[in-house]
Amino acid sequence: NKWSRKMYTNPSLSFQSSCRETSSEPVVVPEARSMSAQNRVDILSEALPYIQKFHGKTIVVKYGGAATTSEALQVPVISNLVLLQNFGLRIVIVHSAGPEINQWLGRLGLKPKFGNGLHVTDATTMEVVAMVLGGKVNKHLVSLINKAGASAVGLSVTGLTAVGLSGMGATAAGLSGMDDHLLTARPSFTNFGLLGFVGDIATGEPAVLRPLIDNGYIPVVASVAADKTGRLYIINADTVAGELAAALAAEKLILLTDVAGILEERDDPRSLVKEVDIEGARRMMNDEKNAGGMFQKVDCCVRSVAQGVRAASIIDGRVQHSLLLEFLTGGGAGTMITG
Ligand code: ADP
Ligand code: X2W
Ligand code: MG
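Since the structure is predicted, the reported quantities are computational estimates derived from the model, not experimental observations. (Residues numbered from 1 in each chain as written. Chains lettered and ligands numbered in written order. Predicted model: local features only at pLDDT ≥ 70, side-chain atom pairs only at ≥ 80, totals over all residues. Heavy atoms only, no water.)

## As for the site of ligand 2
How we decide: The criterion for a residue being near a molecule or strand is simple. One of its heavy atoms has to lie within 4 Å of it. Think of a polar contact as two N or O atoms within 3.5 Å of one another; within protein, one of them needs to be a possible hydrogen donor and the other a possible acceptor, and neighboring residues in sequence only count if both atoms come from side chains. Every accessible area reported is derived by Shrake-Rupley at a probe size of 1.4 Å, with residue values counting cover from the shown protein chains alone. When residues are sorted by character, Ala, Val, Leu, Ile, Met, Phe, Trp, Tyr, Cys and Pro go into the nonpolar class, Asp, Glu, Lys and Arg into the charged class, and all the rest, Gly among them, into the polar class.
Taken together, K62, G65, S96, G98, L118, H119, V198, I234, N236 and A237 make up the full set of residues adjacent to ligand 2. The side chain of K62 places a nitrogen or oxygen atom 2.5 Å from an oxygen atom of ligand 2. Contact distances for ligand 2 include 2.7 Å between an oxygen atom and a side-chain N or O atom of N236. Coverage of ligand 2 by the protein chains reaches 86% of its 420 Å² of free accessible surface. Considered class by class, the residues forming the shell around ligand 2 number four nonpolar, five polar and one charged.

In structure tokens, the structure reads:
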């Protein structure tokens, strides 16, 4: 299969990973700097079969965490997405902004608290989360897209219904998802009562996104949603992206993050897994190869692919043009999880 890629060790990875801790600037692969104009147009022309393959297909991209921490990192990602949209891809962005939430909690004199690696989201923290995610960060991404020459629409509480996992949200488990619009109802009670207003998706209403995409807009969805009573929750943005990708029957789910992809050995940047099927990915999860945020990502990739998304890729959002490498070259970028 000409689209498949093997597990291999990418020599540029040690370069990428050496920039991990410090970089709030995009990492440029060194060979790219010295390319002649002829090389560049050759490469552009080689992209044609990939453009044809993805033209008209829906792609859901999750953008969050350390990969979003500066405008210098955001602008090239947005510019890649706008380019891909101009090549005919139908793009939906889902975002989080953990570091920015922390920063604003600090500015307001609130100390972030964590449980199971996630923010404990009490009522005050949830107010800050809603303002930062649904307000500042969402509108900032929308304005960057508009500046790059495309049209974006920012959405937060629209179209998604949260089911709370919270002990505080007494009615949260009122299972607002148990109706005809059910997308997935999988309340995990693991964190019940521990994390406050942390939710899971009960229903998805992607109908609201389709006319926007049909009319050339890029929806930008903040991972904040309300339950049927209007109470707000933060939902993990990988999970939102995965479920939206499934609901939209997307061709591809992309999780942009701050690491090259799934590493077979977590601390060895040379152990990148280029491609793995859902069985292999489940095995990695059982073997505890992926911890914390990466476990969540692999889980949501597996779920979305099991629900019909053709492939899900975890790629480094801090590496310049990683999205173009992923979509427009045979080697791709990061780790691709297939059915
Ligand atoms: P994001 O903010 O993009 O959601 P997360 O911090 O939630 O990112 O998840 C990615 C992190 O998961 C990586 O930065 C890495 O520290 C961690 N991780 C744990 N296990 C692995 C693994 N096997 N391969 C790659 N990263 C891993
Ligand atoms: C995350 C923030 C939201 C998120 C947290 O507490 O850090 C949950 O996952 P990243 O940056 O994409 O990992 N909360 C519920 O999706 O953050
Ligand atoms: Mg995460």
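Read on for the rest.
## Overview of the sheet that holds strand β5 (residues 151-155)
Whenever strands of a sheet pair, they do so through backbone hydrogen bonds, lying parallel or antiparallel. For clarity, the threshold we go by: Two strands qualify as a pair provided DSSP detects at least 2 bridges between them. Only DSSP runs of H or I reaching four residues or more are called helices, and only runs of E reaching two or more are called strands; each is numbered from the N terminus. All axes here are fitted lines through C-alpha atoms, helices being fitted over the stretch that makes contact, and every angle between N-to-C directions spans 0 to 180 degrees. Any two residues having at least one pair of non-hydrogen atoms within 4.5 Å are treated as being in contact.
Strand order across the open sheet formed by eight strands is β5-β8-β2-β1-β11-β13-β14-β12, with mixed pairing between neighbours. Edge positions in the sheet fall to β5 and β12 (275-277), since each of these pairs with one other strand and no more. Strand after strand, the sheet turns through a mean of 20 degrees between neighbouring axes, direction not considered. Sheet topology note: the strand β2 (residues 90-95)/strand β8 (residues 217-222) ladder contains three bridges and is parallel. Across the sheet, residue H95 finds its bridge partner in β8, namely A222. Relative to the sheet, helix α9 (residues 278-286) contacts β12 and β14 (335-338), its axis offset from that of β12 by approximately 95 degrees.

## Here's the deal with the packing of aromatic side chains
Quick note on the threshold: We call Phe, Tyr and Trp rings a pair once their centres come within 6.5 Å, taking the six-membered ring for Trp, and we label the pair stacked below 30 degrees between planes, edge-to-face above 60, and tilted otherwise. Residue exposure (1.4 Å probe, protein chains only): buried if accessible area is under 20% of the type maximum, exposed if over 50%, otherwise partly exposed. Placement of a positive charge over a ring is assigned whenever Lys NZ or Arg CZ falls within 6 Å of the ring centre and within 35 degrees of the normal to the ring plane.
According to the stated counting rule, one finds two aromatic pairs in the structure shown. Each ring, one from F54 and one from F327, has its centre 4.9 Å from the other, and the planes form 85 degrees; the classification is edge-to-face. Placement of the pair is F54 in helix α3 (residues 48-54) and F327 in helix α11 (residues 322-328), with a sequence separation of 273 residues. Each member of the pair F54 and F327 is classed as buried. Above the plane of the ring of W104 lies R107, whose end atom (NZ or CZ) is 4.3 Å from the centre. Lying over the aromatic face of F327, K252 brings its terminal NZ or CZ to 5.9 Å of the ring centre.

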